[in-house]
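In case you want the letters, here they are:
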Amino acid sequence: MNRKIEELKKDFRLNQKERRLMIGQVQKEMQLGLRGKKSSLKMLPAFVCPPTGDEKGTYLAIDFGGTNLRVLAVTLKGNGEIAEPKICSHVIAQKAISGTKDNLCDFIVEKVIEFIKLHQMDISREIEIGLTFSFPMRQKSIASGVLLNWTKGFTTKGMVGKDVVRLIQKTFSKKGFPQIKIKAIANDTVGTLLRGRYSNSSCDMGVILGTGTNAAYIERAFNITKDKALCNKTGLMLINMEWGGFNLVPQTKYDKELDLKSSNPGEQFLEKMVSAHYLGELVSLIVDDFVAAGEFSSAMQFIQTKNCFTTQELSQIIEDKHSALPVTKKILAEKGAVRASQRDCSLLKEIAKIIMQRSADLAATMIAAVIKKGDCCSYREHAVAIDGSLYEKAYGYKENVLRTINSILGRKRKAIVPFVCKDGSGIGVAIAAAIASKS
Ligand code: GLC
């Protein structure tokens, strides 16, 4: 095996001892975050408790914050059942990602109005809506959320420090739809957990492994000592961890380079190692380095690696089973390396595997850390609802996550049961809206 590949494997591999160390660090950072002490985990209360599964009604939901904006009409039937939702999906326009707050609010509101017209909804009455907003927010209630900072490459001006609900509610009124009322706002991880829990009472964690990565879990209110009002309460509260910010995993030189080039240097270290927004770029940086070191054939010098590979392509490369690696060859040719050799292709495949494997390993270790914090001896089963394209679609990813979880848990491997929670982030906020409108 190529020496540089061996080095890469060493730098990106997480052994069992490192995983154990990381679990302890994550749990410590969680405690600090809950206490309001300095921590790379924000641990943000979501002002919603677990659903019973008996919430009922039809709600609209907006799911904003990944690659696509989705508008959904969700009917909760009670008894843990949800009708097949109506969904419209749109790629988020660049001006909503890097323009002004008006661009962003207009984009969201216009897509909701389009949906209402398309489905000929009755606009003479109040329409209750939930908003999934997948960024760090400080909440004081279920119907308010102040944006703390952007992540995942968003840079929209004028929104940080503002209450997102107020901004979007105002835009609905401005556009002549004051009867559309935002009842709840939630992070996508909170939505996913609510969705999972609605139908499965053993579900106590929601995870996103997609464009970004993050998790929510259920905490006892009295442990949230940074909030005096909350910690005097009995009962349970969902917490958005913002785990993408976890910063105690050692960075390789490629991680450092990627961070420096990103729109938010010094932030979201874990997210930059795990999530789909960054994996392709990480592979591109390594390829550049290998090209410069003469590890590839001269054909690879023609490759255009700026934002070169998508996570979907990495997945196809890993899945490329035929010994001639025809899919990899095609992907490389499309990027300018027309005469890439078989060896170039297999080197690239190795690099892609290493990066995807580390992502799955880190995600699994984070999940184990969170579950073990609440149940250190794995006494009972914990279903973990996971939404996001990386987990759902990347070749072999789910299996890798499960393998690492199992190797961490050993004999107790049955204690953590991850499952795909399709559209959980959007459906879940409809459950939040139902809870809010009942109270
Ligand atoms: C980013 C956001 C976080 C979100 C995650 C997944 O990490 O900061 O709020 O949950 O992406 O979309």
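An account of the accompanying structure is given in this report. A quick note: this is a predicted structure, and the numbers were derived from the prediction, not measured.

### Focus: helix H16 (residues 424–438)
Compared with the 21 Å implied by 1.5 Å per residue over 15 residues, the 21 Å span of H16 between its first and last C-alpha is a close match. Burial runs high along H16: 13 of the 15 residues are buried.

### Topic: the side chain of Thr 189
In this structure, Thr 189 sits in helix H6 (residues 188–199). Note on Thr 189: relative accessible area 0%, which makes it buried. For Thr 189, the residues in contact, after removing those within four places along its chain, are Gly 206, Ile 208, Asn 214, Ala 215, Ala 216 and Asn 240.

### Description of the pairing of strand E3 (residues 68–78)
The pairing of strand E2 (residues 56–64) with E3 spans eight bridges and is classified as antiparallel. Looking at the pairing, Lys 56 lines up with Lys 77 of E3. With two bridges joining them, E3 and strand E4 (residues 81–82) adopt antiparallel strand pairing. The partner of Gly 78 across the bridge, within E4, is Glu 81.

### Focus on H6
Taking 1.5 Å per residue, twelve residues should reach 16 Å; H6 reaches 17 Å between its end C-alpha atoms and fits that length. Within H6, eleven of the twelve residues are buried, leaving the element largely enclosed by the surrounding structure.

### Observations regarding the sheet that holds strand E10 (residues 203–209)
With mixed pairing, the six strands of this open sheet are ordered in space as E1-E12-E11-E10-E13-E14. Of all the strands in the sheet, the pair left with one neighbour each is strand E1 (44–45) and strand E14 (416–420). On the sheet, helix H15 (residues 397–409) packs against E10 and E14 and is oriented at approximately 170° with respect to E14.

### Observations concerning the site of the ligand
As a matter of local geometry, the ligand sits amid 15 residues, with Lys 152, Asn 187, Asp 188, Glu 242 and Glu 271 nearest to it. Phe 135 is positioned such that a nitrogen or oxygen atom in its backbone is 3.3 Å from an oxygen atom of the ligand. At a separation of 2.9 Å, an oxygen atom of the ligand approaches a polar side-chain atom of Lys 152. Look at the ligand: alone it shows 300 Å² of surface, and the protein chains cover 99% of it. Of all the elements in the fold, those that place two or more residues in the shell around the ligand are H6 and strand E11 (213–220).

### Some words on the nonpolar core
With 81 residues, the main nonpolar core has Met 205, Trp 243, Val 287, Phe 309, Ile 367 and Tyr 397 as its most contacted residues. For this core, the element with the highest residue contribution is helix H13 (residues 342–374), accounting for 18 residues. In contact with Ile 367, other than residues within four places in its own chain, are Met 205, Val 207, Trp 243, Val 384, Ile 386, Val 401, Ile 405 and Ile 416. In terms of nonpolar packing, the next biggest core, distinct from the first, is built from 38 residues, Ile 129, Leu 131, Val 164 and Val 165 among them.

### Comments concerning the environment of Lys 414
Turning to its location among the elements, Lys 414 is positioned in the loop between H15 and E14. Residues Lys 414 and Ala 383, 31 residues apart in the sequence, show an inter-C-alpha distance of 9.9 Å.

### A look at the packing of aromatic side chains
Considering all chains together, one arrives at ten aromatic pairs under this definition. Consider the rings of Trp 150 and Phe 154, whose centres lie 5.5 Å apart with planes at 25°: the pair is stacked. By the burial criterion, Trp 150 is buried, and Phe 154 matches it. Put simply, the rings of Phe 64, Phe 133, Phe 135, Trp 150 and Phe 154 pair up and form one aromatic cluster. When the ring centre of Phe 135 is taken as reference, the NZ or CZ atom of Lys 152 above it lies at 4.6 Å.

### Digging into the packing of H6 against H16
The relative placement of two packed helices comes down to the angle between their axes together with the axis-to-axis distance. Put simply, H6 and H16 touch, their axes get as near as 6 Å, and they point 75° apart. By the angle between their directions, the pair H6 and H16 is classed as roughly perpendicular. Between H6, through Asp 188, Gly 191, Thr 192, Leu 194, Arg 195 and Tyr 198, and H16, the contact on the second element is made entirely by Gly 424, Ser 425, Ile 427, Gly 428, Val 429, Ile 431 and Ala 432. Tallied by class, the residues present in the contact of H6 with H16 amount to six nonpolar, five polar and two charged.

### What about the packing of helix H1 (residues 3–12) against helix H10 (residues 276–292)?
Across the interface, H1 lies against H10 with an axial gap of 12 Å and an inter-helix angle of 150°. Judged by the sense of rotation from one axis to the other, the crossing of H1 with H10 is right-handed. Of the residues in H10, those in contact with Lys 4, Ile 5, Leu 8 and Phe 12 of H1 are Ile 286, Asp 289 and Phe 290. By residue class, the composition of the contact of H1 with H10 is five nonpolar, no polar and two charged.

### A few points about the pattern of salt bridges
Two side chains of opposite charge can pair, provided their charged atoms sit close to one another. A full pass over the atoms with the stated rule returns 22 salt bridges. In this structure, Lys 9 and Glu 350 form a salt bridge, with 3.9 Å as the shortest nitrogen-oxygen distance. With Lys 9 in helix H1 and Glu 350 in helix H13, the pair connects residues that are 341 residues apart, well separated along the chain. Among the residues examined, Glu 350 registers a relative accessible area of 17% and is labelled buried. Linking Arg 380 and Asp 204 is a salt bridge whose minimum nitrogen-to-oxygen distance equals 2.9 Å.

Thresholds, definitions, all that
Residues numbered from 1 in each chain as written. Predicted model: local features only at pLDDT ≥ 70, side-chain atom pairs only at ≥ 80, totals over all residues. Heavy atoms only, no water. Helix = DSSP H or I, 4+ residues; strand = E, 2+ residues; numbered from the N terminus. Expected span 1.5 Å × (residues − 1). Buried < 20%, exposed > 50% of the residue type's maximum accessible area, 1.4 Å probe, protein only. Contact = heavy atoms within 4.5 Å. Pairing = 2+ DSSP bridges. Axes fitted to C-alpha atoms, helices over the stretch in contact; angles between N-to-C directions. Near = heavy atom within 4 Å. Polar contact = N/O pair within 3.5 Å; in protein donor to acceptor, adjacent residues only side chain to side chain. Areas by Shrake-Rupley, 256 points an atom, 1.4 Å probe, with all protein chains shown as cover. Core = buried A, V, L, I, M, F, W, Y, C linked by side-chain atoms within 4.5 Å. Phe/Tyr/Trp six-rings, centres within 6.5 Å; stacked < 30°, edge-to-face > 60°. Lys NZ or Arg CZ within 6 Å of the ring centre and 35° of its normal. Parallel < 35°, antiparallel > 145°, perpendicular 65-115°, else oblique. Nonpolar A, V, L, I, M, F, W, Y, C, P; charged D, E, K, R; others polar. Left-handed = near helix turned anticlockwise from the far one by under 90°. Salt bridge = Lys/Arg side-chain N within 4 Å of Asp/Glu carboxyl O.

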